[in-house]
Every structure is written in C-alpha cells, then in structure tokens.
Amino acid sequence: MKNIVLILLLFFSNISFAKVTLEKLDEYDKFHRQYALLYISESIEKEDVQSFQEAIDKINTEGLHVKYDSVIMRDSRGGNVVSAKKISRIIRKNKLSTAVPRNRYCNSACLYVFIGGICRMGLGKIGIHRGFSPYDFQRRITLDEARETTDKLYNDDIKFFDEMNARSSIVSMSNQVPNWTIKYLSHDEKLQYGFYSTIEEYEAERIQEVTMNTGKSKDELMTSLEDRYYELNNTKPISKLKQFFMNKLGFEFKKEDPIYPRCSEQLFLNDIN
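Everything numeric here is computed off the predicted structure, so don't read it as measured data.

Each value, and the rule that gives it
Residues numbered from 1 in each chain as written. Predicted model: local features only at pLDDT ≥ 70, side-chain atom pairs only at ≥ 80, totals over all residues. Heavy atoms only, no water. Axes fitted to C-alpha atoms, helices over the stretch in contact; angles between N-to-C directions. Helix = DSSP H or I, 4+ residues; strand = E, 2+ residues; numbered from the N terminus. Parallel < 35°, antiparallel > 145°, perpendicular 65-115°, else oblique. Left-handed = near helix turned anticlockwise from the far one by under 90°. Contact = heavy atoms within 4.5 Å. Nonpolar A, V, L, I, M, F, W, Y, C, P; charged D, E, K, R; others polar. Salt bridge = Lys/Arg side-chain N within 4 Å of Asp/Glu carboxyl O. Buried < 20%, exposed > 50% of the residue type's maximum accessible area, 1.4 Å probe, protein only. Pairing = 2+ DSSP bridges. Expected span 1.5 Å × (residues − 1). Arc of directions from axis to C-beta.

As a packed pair, helix 3 (residues 81-93) and helix 5 (residues 143-163) sit with axes 12 Å apart at the nearest point and diverge in direction by 15°. Relative to helix 5, the element helix 3 lies roughly parallel. The two elements helix 3 and helix 5 meet at a crossing, and its hand is left-handed. Contacts from Lys 85, Ser 88, Arg 89 and Arg 92 in helix 3 reach Asp 156, Asp 157, Phe 160 and Glu 163 in helix 5. Of the residues that constitute the contact of helix 3 with helix 5, the class distribution is one nonpolar, one polar and six charged.

Spelled out as structure tokens, the structure:
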C-alpha cells in the first residue's frame, strides 16, 4: 500500500499535458504557497490549448505560485499559430510573464505565445519566419486567391501583435524570411521589440499597486531597478593586454550583451508577493 501511495505522489508531482508541463517543486514562498514550473516545449498543437488551460486551472485551484511568475518557453519549434494565439491570450488574462532561458529557443509560432507575457524575457534564441501556406493543394488556386489569403493572415497577425502590445513591424520582418529557413533575432532587435522588459501599462499598474501597499514612491522603485541593472552590469576595467591588442593591433573584441533584471524584479513581485 505504501508503494502505491509513493507512486501516485510521484505521478502527480510532475503533471505533463502533452508539451505543456506543470512541475511542482519542493519549495514554498513566504505565504507558504508551493512553487511550480510551467513549461511549453516542442510543437504547439490544437490540443495544447486545453492542456495549458487545465494547467492554469490547477495552479489557481491549488493556490500554486508559478516560479519566476513566468511561463517558460523551453525549446519550442512552433506549430499551430491559432493555438499559439489562444495560449497567449490565456497567459495575458492571468497576468503571467514569459521567458526563453539562455541556451533554449522559441521558434516560429512560439513567438505568438511568448508575446502574451506582461513581461517578456528573451534571453535565449527567438526565431522567426514566414508562416506555412494554409492550402492543401488539392485544387489549383489563382494568384488572386493566394494574395487574398496571405493578406488576411498578415492583417490578422498585425491586429494580434497590436492586441498583445508588441510592435507589429516584426510581422513584416517575419514575412521576408522563407518558411524553410529561420532568422534569429539579435540582442538589439529583441531590445527594440521589448523582449527584455515589462509592457508599459502593466508596469504602471504594478507600480501603483506596490506604492499603495508598501509606501514606497515611484522614484524609489524605479531607482531600485536602475541600481539593480548597474549591479548586474558592473563593467570591469579593460586589461592591459586587451588595451594593447585594441590600440596597437586594431583588434575588436565582441561586446557582451547586458544582463537585465528578471521579470519578477521588474514587476516588484518580491515587494508584496
């Protein structure tokens, strides 16, 4: 009997819904809520929408605390765009952040899920390309039909990115990349698209909440973030050897990308959560 109970406990501590994984941790926050990791990986399919909603329902029912307050994109190669948009809206409704950890990737339709976060932290690779044709090629289509369909898909994406407070110009960039290859966004491109930070309106809402609950001023909160940024990016003096190569031989060394405060820090979740 003890062995059966142990097996059941092990089974329910790590619950996987297809490519949606909810993993309970043996860790608790200061309010004694159990931490859990929420992952999305592999290909995003139609059934994953229900799986993700079931994971969210379980989190809310059991009072779990999502670790880092973020849905983790863990090596997702994309998949069904319609499903990705639905999952994205669930993330936004529950005011969760999203993250692509270093050495992980979020490709193609995964981007639609990623932008659902009220704060996005794209430390890993984010790959974009043109969507696949919706045609099954069972009949010959005219050029006008093809143009009408691609225009509709393009306009739908523009509206969705606007809805998710993301710069819609990334849709145009994606459409220039054939679907049989992929372009990974550079650090500067991710920074320009807001993939290291909190959406402005949610930042403002959160600052107001924290100031009312802690008595800290907006200036104090923003200064703490600025201090944290410089703490993370405390640059060391250039070594004499490096100076020699740069000044005498004209060498150029790759500049390291900045490190950004985590979404939980940007949203001041440690202040009252």
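This paragraph deals with the pattern of salt bridges. The full count for this structure, using the stated rule, is 15 salt bridges. In this structure, the salt-bridge partner of Arg 33 is Asp 29, at a minimum N-O distance of 2.6 Å. On the basis of relative accessibility, which here comes to 28%, the residue Arg 33 falls in the partly exposed class. Overall, Asp 29 belongs to the buried group, its relative accessible area being 7%. When the shortest N-O distance is used, the salt bridge between Glu 205 and Lys 95 registers 3.0 Å. One end of the pair, Glu 205, is in helix 8 (residues 200-214); the other, Lys 95, is in the loop between helix 3 and strand 5 (97-100), with 110 residues separating them in the sequence. For Lys 95, a relative accessible area of 43% corresponds to the partly exposed category. A cluster of three or more residues bridged by salt bridges with shared partners is formed by Lys 24, Lys 58 and Glu 62.

This paragraph deals with the pairing of strand 3 (residues 34-44). Across the 11 residues of strand 3, nine count as buried, placing the element largely inside the fold. Here strand 2 (residues 20-28) pairs with strand 3 via six bridges, running antiparallel. Paired with Glu 23 across the two strands is Leu 37, which belongs to strand 3. Linking strand 2 to strand 3, which pair antiparallel, is a turn of five residues; within it His 32 sits at a positive phi near 70°. Relative to strand 4 (residues 65-79), strand 3 runs parallel, the two sharing nine bridges.

This part covers the packing of helix 8 against helix 9 (residues 218-232). Packing of helix 8 against helix 9 brings their axes to within 9 Å, and their N-to-C directions diverge by 115°. Taken as a pair, helix 8 and helix 9 cross one another with a handedness that is right-handed. Where helix 8 abuts helix 9, its residues Glu 203, Ile 207, Val 210 and Thr 211 lie against Lys 218, Leu 221 and Met 222. Partitioning the contact of helix 8 with helix 9 into residue classes produces four nonpolar, one polar and two charged.

Turning to helix 8, a few remarks are in order. Taking 1.5 Å per residue as the helical rise, helix 8 with its 15 residues ought to reach 21 Å, and the 21 Å between its terminal C-alpha atoms agrees with that figure. Among all positions of helix 8, only Tyr 202, Arg 206, Ile 207 and Val 210 are buried. One face of helix 8 carries all of its buried residues, which in axial projection span an arc of 135°. The exposed set on the far side of helix 8, more than 90 degrees from its buried face, consists of Glu 200 and Met 212. Where helix 8 ends, the next residue or the one after it, Gly 215, has phi of about 85°, a positive value.

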